[in-house]
Amino acid sequence: MIVCSNLSKTYKHGSSQKQVFSNVNLVVEPGDRLALLGRNGAGKSTLIKLIGGVEMPTSGKIARKMSVSWPLGFAGGFQGSLTGYDNARFIARIYRREYSEIRAFVEDFSELGRQLRMPVKTYSSGMRARLAFALSLAIEFDCYLIDEIILVGDQNFSRKCQYELLEQRKNRTMILASHSTPLVREFCNKALLIHNGEATEYDDVGSAVDVYDSL
Amino acid sequence: MAHASLSKFRSGWITQVRVIHALMIRELTTRYGRDNIGFLWIMVEPLLFAGLVALIWHFMYGETKHGVGITAFIVTGYIPITLFRHGVARSVAIFTANSSILYHRQVKILDFIVVRLLIELLGGMMAFVFIAGVLMVFDQFPVPTDIGLTIAGWMIYAFFSFSICLIIAPLSEMSEVVEKFVPVTTYVMIPFSGLFTLAEWLTPTMREYLMWSPFVSGMEMLRKGIWGDQITAYYYPWYTISCSVVATMIGLVLCRRVRRTLAVD
């Protein structure tokens, strides 16, 4: 279970400041598939970063009672100057996993082949997504935080991700920020719509998507 | 209750040790790669610094100064100052530079500073042993009389350097002005670090002023352990330790505050 109570986040730069959202309350039960909806800049990624513990809320609290992945997105999580293998080794070490197992899974799942010997900064965003997904699936989290990237990559990879994540691990919890309304309608059972700094929770995904579409 | 918090502390401790270990390997491979001598490069920088400056002094000022071998004297001074200056220089903007790794929740910002300093510490020690060994062969370095005192001095010096890094790192994230003042400040403080002088060579008044610098006690202990009865050393280890503890406290509070507002992209 993940419980967020009274979360607010404000970014400050010099004298100007921007409040992203305030007073977000959210309970994610095991097995939930929560969609985060909102327009660009509404605060979906920010909320994912707070839940993942990457950034700290300005006020409020987050309690995590299950293992939560790092936010799987376009940026973050890797050291660009290190190779794919070195990043995998680093991640295996900090998550206390056996490198040989992680390595075998990553090679098989990511299909990056010789590219794994190249620095991650030379990867395209699709390749980064492959690596991030492969690593997080190899580690096995209770809850996956997915920031947009599920639709990145070619058809073949998308299908593979959906199979591994949405079918093989369908009892896991997922928090998914996405603009893809068909995907959200199909896979999510809850939605949180962030608009103008306020978050509204919907148990009926259909009506959440309708509201989002009309924004 | 007490038992639960103890086991929580234990598992947190084990995690941090693993993270620091992983970060050290990461740092060494990104900075030095796996080619040629690999991670042994960590000792090359302090080695060259101490070695070349000592050589210059040797030819400029002769073999000895106040009865102390000048090469060995400069080497003992330069290795610690390199630790301090590199540690501080690398602490500037260290959190932003490593922010992509902060995606992994178990990595704490303090780990970055600890790793930096540990690497400088190891490099300095390796360089010291190497250079002292070589110089001893040429009879330019005395056999240390009290190695324990030398290590204690080095550790105190490192502790103080660490506590300053703990303050510089968060301050550099709060204000860009700090970044601009760091190089000149670490340069200007060189004479106050006890690098070029032993306290006994100074006039009593000057000595009194110099002893206010927390570096000097560490420096004097380190040298006393090497030259023993050949020199008179002045040191107040508890003064340096107290300064370090206070600076560490301030640094930890600042780090905590900065972490709350750190934007990670």
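Keep in mind that what you see is a predicted model, and the values were worked out from it rather than measured.

The rules we used
Residues numbered from 1 in each chain as written. Chains lettered and ligands numbered in written order. Predicted model: local features only at pLDDT ≥ 70, side-chain atom pairs only at ≥ 80, totals over all residues. Contact = placed C-beta atoms within 7 Å. Helix = DSSP H or I, 4+ residues; strand = E, 2+ residues; numbered from the N terminus. Nonpolar A, V, L, I, M, F, W, Y, C, P; charged D, E, K, R; others polar. Buried ≥ 20, exposed ≤ 12 C-beta atoms within 10 Å, placed from the backbone. Core = buried A, V, L, I, M, F, W, Y, C linked by C-beta atoms within 7 Å. Expected span 1.5 Å × (residues − 1). Axes fitted to C-alpha atoms, helices over the stretch in contact; angles between N-to-C directions. Parallel < 35°, antiparallel > 145°, perpendicular 65-115°, else oblique. Left-handed = near helix turned anticlockwise from the far one by under 90°. Pairing = 2+ DSSP bridges. pLDDT = per-residue confidence, 0-100.

Chemist: Please explain the interface of chain A and chain B as it appears in this structure.
Modeler: Interfaces are often sized by the accessible area lost when the parts come together. Residue-level contacts link 22 residues of chain A with 22 residues of chain B. Among the secondary structure elements, those contributing two or more residues to the side of chain A that touches chain B are strand S1 (2-13) and helix H2 (84-94) of chain A. Per-element tally for the side of chain A that touches chain B: the top contributor is H2(A), with 4 residues. Looking at the side of chain A that touches chain B, its residues break down into 10 nonpolar, 6 polar and 6 charged.

Chemist: Help me out: how do you make sense of unusual backbone geometry in this one?
Modeler: The phi angle of most residues is negative, glycine excepted, and most peptide bonds adopt the trans form. Residue and element names in this part refer to chain A. Residues other than glycine seldom take positive phi values, yet asparagine 6 does so here, at roughly 55°. Summarising the element assignment, asparagine 6 is placed in strand S1. With 12 C-beta atoms packed within 10 Å, asparagine 6 lands in the exposed category. We note that glutamate 140 has phi near 65°; this positive angle belongs to a residue other than glycine. In this structure, glutamate 140 sits in the loop between helix H4 (125-139) and strand S5 (143-147).

Chemist: Teacher, can you tell me more about the environment of A:Val3 here?
Modeler: Residues and elements named next belong to chain A. Mapped onto the elements of the fold, valine 3 is located in strand S1. Sequence-wise, valine 3 and arginine 64 are 61 residues apart; in three dimensions their C-alpha atoms are separated by 6.7 Å. With residues near it in sequence (within four places) discarded, valine 3 still touches Val27 and Ala63.

Chemist: Where do I start with the nonpolar core in this structure?
Modeler: Soluble globular proteins tend to pack their nonpolar side chains together in the buried interior. Counting 121 residues, the largest nonpolar core has A:Leu36, A:Ile175 and A:Ala191 as the members making the most contacts within it. Ranked by residue count, the leading element in this core is helix H6 (residues 147-174) of chain B, at 15 residues. Other than its neighbours up to four places away in sequence, A:Leu36 contacts A:Lys44, A:Leu47, A:Ile175, A:Leu176, A:Ala177, A:Leu192 and A:Ile194.

Chemist: Looking at this model, I keep getting lost on helix H1 (residues 2-32) of chain B. Mind explaining?
Modeler: In an α-helix, one turn spans 3.6 residues; hence positions three or four apart end up facing the same way. Helix length check: H1(B) (31 residues) gives 44 Å between terminal C-alpha atoms against 45 Å at 1.5 Å per residue, within 8%. Buried residues of H1(B): B:Val19, B:Ala22, B:Leu23, B:Arg26 and B:Glu27, and no others. Residues of H1(B) that are buried make contact with H2 of chain A together with helix H5 (109-137) of chain B. Where H1(B) terminates, the next one or two residues include B:Gly33, which has phi positive at roughly 70°.

Chemist: Would you mind showing me how to read the packing of helix H3 (residues 99-110) of chain A against H4(A) here?
Modeler: Geometry of a packed helix pair, given as the angle between the helix axes and the separation of the axes. Residue and element names in this part refer to chain A. Between H3 and H4, whose axes approach to 9 Å, the crossing angle comes to 135°. Comparing the axis directions of H3 and H4 gives the class oblique. Helix-helix and strand crossings are classified by hand; for H3 and H4 the assignment is right-handed. Residues Ile102, Phe105, Val106, Phe109 and Ser110 of H3 pack against Arg130, Leu131, Ala134, Leu135, Leu137 and Ala138 of H4. When grouped by side-chain class, the residues that make up the contact of H3 with H4 number 9 nonpolar, 1 polar and 1 charged.

Chemist: Honestly, the sheet that holds strand S3 (residues 33-37) of chain A in this entry has me stumped. Any pointers?
Modeler: In a beta sheet, neighbouring strands are held together by backbone hydrogen bonds and run either parallel or antiparallel to one another. Residue and element names in this part refer to chain A. An order of S5-S6-S3-S7-S8 is seen for the 5 strands of this open sheet, with the pairing classed as mixed. Taken across any chain shown, the strands that pair with only one partner, and hence form the sheet edges, are S5 and strand S8 (198-202). Across this sheet, the average inter-strand angle for adjacent strands is 15°, counted without regard to direction. Examined bridge by bridge, S3 and strand S6 (residues 173-177) share 4 bridges and lie parallel to one another. Bridge assignment links arginine 33 to a residue of S6, and that residue is methionine 174.

Chemist: How should I be thinking about the confidence of the model for chain B in this particular structure?
Modeler: Caution is warranted with low-pLDDT regions, since their predicted coordinates should not be read in detail. Scored by pLDDT, chain B comes out at a mean of 89, with 100% of its residues at no less than 70. Here the predicted complex carries an ipTM of 0.91, next to a pTM of 0.90.

Chemist: Can you walk me through the pairing of strand S2 (residues 16-28) of chain A in this structure?
Modeler: Here is the key point about a regular strand: its side chains alternate between the two faces of the sheet. Residues and elements named next belong to chain A. Bridge analysis of S1 against S2 gives 9 bridges, and the strand direction is antiparallel. Each bridged residue has a counterpart across the sheet, and for isoleucine 2 the counterpart in S2 is valine 28. A loop of 2 residues connects S1 with S2, the two strands running antiparallel in sequence, and glycine 14 in this loop sits at a positive phi of about 60°.

Chemist: Please clarify how the sheet that holds strand S4 (residues 59-64) of chain A should be interpreted in this entry.
Modeler: Residues and elements named next belong to chain A. Strand order in this open sheet of 3 strands is S2-S1-S4, and the pairing throughout is antiparallel. The open sheet has two edge strands with one neighbour each: S2 and S4. Looking at each pair of strands side by side, their axes are set apart by 25° on average, direction ignored. Here S1 pairs with S4 via 5 bridges, running antiparallel. Counterpart to serine 8 in the pairing with S4 is serine 59.

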